[in-house]
Amino acid sequence: MAASPILTHTLGFPRMGAQRELKLALERHWRGEIDAAALEAVGAQLRARHWQAQRDAGLAFATVGDFAYYDHMAHHIQLLGCESPRFGFTPGTPELARYFTMARGVQTLSGHGDHAPGGTCGAGCAHAPHPGEGQPALEMTKWFDTNYHYLVPELHADTAFRLGSERLFAEVAEAQALGHRVKAQLVGPLTFLWLSKEKGEAPFDRLDLLDRLLPVYAQILARLKAEGVEWVQIDEPILGLDLPATWTQSFEPAYWQLGKAGPQVLLATYFSPLENHLRLACQLPVAGLHVDAVRAPQELTGVADWLPAYKVLSVGVVDGRNIWRTDPDAALALLRPVAAKHTGPLWVAPSCSLLHVPVSLAGEDALDPELRGWLAFATEKLDEVALIAGLLDGRVADSDPRLAAARAAIASRRASPRVHRPAVAARLEAAPEGCDRRRSPHPTRQQAQRARLRLPPLPTTTIGSFPQTPAIRAARAAHRRGVLGEAAYQAQMRAEIEHAVRKQEELGLDVLVHGEAERNDMVEYFGEQLDGFAFTANGWVQSYGSRCVKPPVLFGDVARPHAMTVDWTVYAQSLTDKPLKGMLTGPVTILQWSFVRDDQPRSRTCEQIAWAIRDEVVDLEAAGIAIVQIDEPAIREGLPLRRTGWKPYLDWATRAFRISACGVQDTTQIHTHMCYSEFNDILPEIAAMDADVITIETSRSDMELLRGFGSFKYPNEIGPGVYDIHSPRIPGSQEMARLLRKAAEVVPARNLWVNPDCGLKTRSWPETEAALRHMVQAARALRSAM
Ligand code: GLN
Ligand code: ZN
């Protein structure tokens, strides 16, 4: 192909650093150990290193503007001069200090400023600001369907925008001084507004603020141009969502203003197909379009058809959301027809920002070498982008050893017996009709379970974990380092379990748990014992602020070589006459919080996990455990970004849950637990999971969340959380009794359970005991009034 060289770039790079340098520096700064200048020096060092990595890989541009000390949306709040007035910053407060105040809140007395959203707080729940703690931080929520959380801008009817920060320009200058060809990056105005929240008394539509916002964007673009920036990447990932017509209609006029204001604009879309926005995206008055060819390869032809020939087409062929090495032949097969069709400039890139994958495979020497060869983290993905572009435009010869190496790795993964276990496949094929249904309908089971368990009305229980004390953490760490022997570790964990059981008996709870002392994390614990999972040494991904998660790598067919929880559970049950609830993580949550293989549909991988969990449930039952809880806090977050994808997803996700839950007799009671989320639009599917009991987080919504269950006439039993476990505050029994009465107005009292919102692992024992004592009092008070 006699083509001009194909340009390469990345939409963004991880910020934390290979050794999580930024995390360490941030936390030291927050503790007052280093000043802002020292923190900024670490930031500059990381940026320089990450730009250098892009240059080393041979990318045409270095991307500037993707770095953030906490979150890129928070940077945009300052760039666009729209800090929420409730923080009441006094003139002269330094920019970085204001930034961290918005990100972490103002702490007073009892305050813990750092809040934790899904999958990261330990218990895995979203935190809300706690009243009485000074000024709460900005709300945080998931960035599209990722596990990255951004700070939600707060806009008011009278919000004015202005160029409020020099940071972006300073970073551009920094990169230029290092000799980089800069592509600046911004979140687009429509995506910024879409992700913001309307605040204040006066109702208004935040889209109406667009006219005020655009001049500031134009000003920013003009500044960038004056600084000599040729290209600016403007991210508008909301083009992958279902949007109201008023929003889609706003794109064209907006980009008429911005397309001419500064450098050439590359409009970046990612995470989901463009579908009904495809033509719009292609025809916007900008110089180029980036599309995610990993999530939507089927749209490439349409894009090549609709995109005017003079525009740049940037194709994201390297998966920015997963950790697998790219198959260069597959990528080329995708790109070649596009290159033939689109006569204008073609660029090659990762599908989205590399923020969502770990930094580098360097240091992953403990991984099995074969498996390591199948992986590519951010740094390796930069090389892949360069290799694919080079092969496409002929700068790299087919005889290049890098191509041979990539092909060998792909072939090894495809054929590996560690990935493909015939017995697992055979089991899925042979799944009998009805394997995802209980033997009898819920009313029959309810009767059988009541006869067996003999619980009082409004039974009290907890969600599973008890405080992970410093002693427990220290023991686990020592055990991992090999300092604490297996027997000593086991003995200590048994002592912790006994302690938790005794406390629960003392408190008078009706259904006990073992407390999860032995578990580091609700997914990792199971992943470590199942076949098909691997763990990296340093595969950290930013979740929010300085918090990172290290998702397991689900590389192969999932099998359960041995029971995972039976010994601990049976031991705990042996200590008490009260029923003890076994505690498992559900298949959808294990899937959702891992890096998942891409060589088969997620639904199939989920089903494999489901069978492994089912075996565990059946083993617990056989060992005499009468109640098993299968946690599924991540069901809701797995929903596809587009509505059209919801039904297929919910069908397989709820089926996977049922496969895990339905191997038992009528007399065995299955619980599930979900954290705070909007349930109302998926209630039929939650009901279709057919758990005997569901516990949910509701206290912060003042039981409002339960209304939906009531009007839907949710058929099975429900435990609405009666107190918020995220706050150190100890609610009184009156307060909990009030919530319970409120619950009983919408759900028949005979179907109600009494429990906290979520697990107690992040709390201390004194507050846990006090709160649970009040909870039991509240239940008893209501019972005697029944
Ligand atoms: N059983 C888990 C616990 O109590 C549930 C955690 C969660 O919902 N994220 O910690
Ligand atoms: Zn929870």
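Residues numbered from 1 in each chain as written. Chains lettered and ligands numbered in written order. Predicted model: local features only at pLDDT ≥ 70, side-chain atom pairs only at ≥ 80, totals over all residues.

### Re the overall build of the protein
In step 1: When helices and strands are counted, the protein shows 27 helices and 22 strands.
In step 2: Taken over 786 residues, the protein has a buried fraction of 52%.
In step 3: Residue pairs in contact within the protein that sit at least 24 positions apart in sequence constitute 78% of those at least 6 positions apart. (Helix = DSSP H or I, 4+ residues; strand = E, 2+ residues; numbered from the N terminus. Buried ≥ 20, exposed ≤ 12 C-beta atoms within 10 Å, placed from the backbone. Contact = placed C-beta atoms within 7 Å.)

### Comments concerning unusual backbone geometry
In step 1: Positioned with a positive phi, Asp-690 is a non-glycine residue whose angle comes to about 60°.
In step 2: Mapped onto the elements, Asp-690 comes out in the loop between α24 (683-688) and β21 (693-696).
In step 3: A count of 22 C-beta atoms within 10 Å places Asp-690 in the buried class.
In step 4: Here the phi dihedral of Asp-702 falls at roughly 55°; this positive angle occurs in a residue that is not glycine.

### Focus: the sheet that holds strand β1 (residues 7-8)
In step 1: The strand order across the open sheet formed by eight strands is β1-β12-β11-β10-β9-β8-β6-β2, and the pairing between neighbours is parallel. Every other strand in the sheet has two partners, leaving β1 and β2 (62-64) as the edge strands with one partner each.
In step 2: In the packing of helix α13 (residues 378-393) onto the sheet, contacts are made with β1, β11 (312-318) and β12 (346-350), and the angle to β12 comes to roughly 155°. (Pairing = 2+ DSSP bridges. Axes fitted to C-alpha atoms, helices over the stretch in contact; angles between N-to-C directions.)

### Structural notes on the UniProt feature "binding site: L-homocysteine" (unreviewed entry) in the protein
In step 1: UniProt records the feature "binding site: L-homocysteine" (unreviewed entry) at Ile-463, Gly-464, Ser-465, Glu-516 and Asp-631, using the numbering of this structure. Spanning 169 residues, the named residues nonetheless gather at one spot, since no C-alpha pair among them exceeds 12.9 Å.
In step 2: With respect to the helices, strands and loops of the structure, Ile-463 is situated in the loop between α16 (442-453) and α17 (470-481).
In step 3: Leave out the neighbours within four places in its chain, and Ile-463 touches His-673, Thr-695, Asn-755, Pro-756, Cys-758 and Gly-759.
In step 4: Here Glu-516 is to be found in the loop between α18 (486-507) and α19 (524-527).
In step 5: For Glu-516, a count of 24 C-beta atoms within 10 Å corresponds to the buried category.
In step 6: Excluding anything up to four places from it in sequence, Glu-516 contacts Gly-464, Ser-465, Met-583 and Lys-761. (UniProt positions renumbered as here; feature names shortened; annotations may be inferred.)

### Quick word on the sheet that holds strand β13 (residues 531-534)
In step 1: Here three strands make up an open sheet; going across it, the order is β13-β16-β18 and the pairing mixed. With partners counted over all chains shown, the strands left at the sheet margins are β13 and β18 (595-596), one partner each.
In step 2: By the bridge criterion, two bridges tie strand β16 (residues 553-559) to β18 in an arrangement that is parallel. Opposite Leu-554, over in β18, you have Val-596 as the bridge partner.
In step 3: Set on the sheet, helix α22 (residues 602-622) makes contact with β16 and β18; between it and β16 the angle comes to about 55°.

### A closer look at helix α25 (residues 704-711)
In step 1: Listed as buried for α25 are Leu-705, Leu-706 and Phe-709. Mapping the buried residues of α25 onto a view down its axis gives an arc of 95°, with all of them on the same face. Of the exposed residues in α25, those oriented more than 90 degrees away from the buried face are Glu-704 and Ser-711.
In step 2: For α25, the elements touching its buried residues are α24, β21, β22 (717-720) and α26 (733-746). (Arc of directions from axis to C-beta.)

### Side note on helix α11 (residues 328-341)
In step 1: Here α11 is 14 residues long and its end C-alpha atoms lie 20 Å apart, about the 20 Å a rise of 1.5 Å per residue gives.
In step 2: Taken as a whole, α11 carries its principal kink of about 25° at Leu-335; the proline Pro-337 stands between one and four residues after it.
In step 3: Of all the residues in α11, the buried ones are Pro-328, Ala-331, Leu-335 and Val-338.
In step 4: At its buried positions, α11 is contacted by α10 (300-306), β11, β12, α13 and α14 (401-415). (Expected span 1.5 Å × (residues − 1). Bend = angle between axes of the 7 residues up to and from the residue.)

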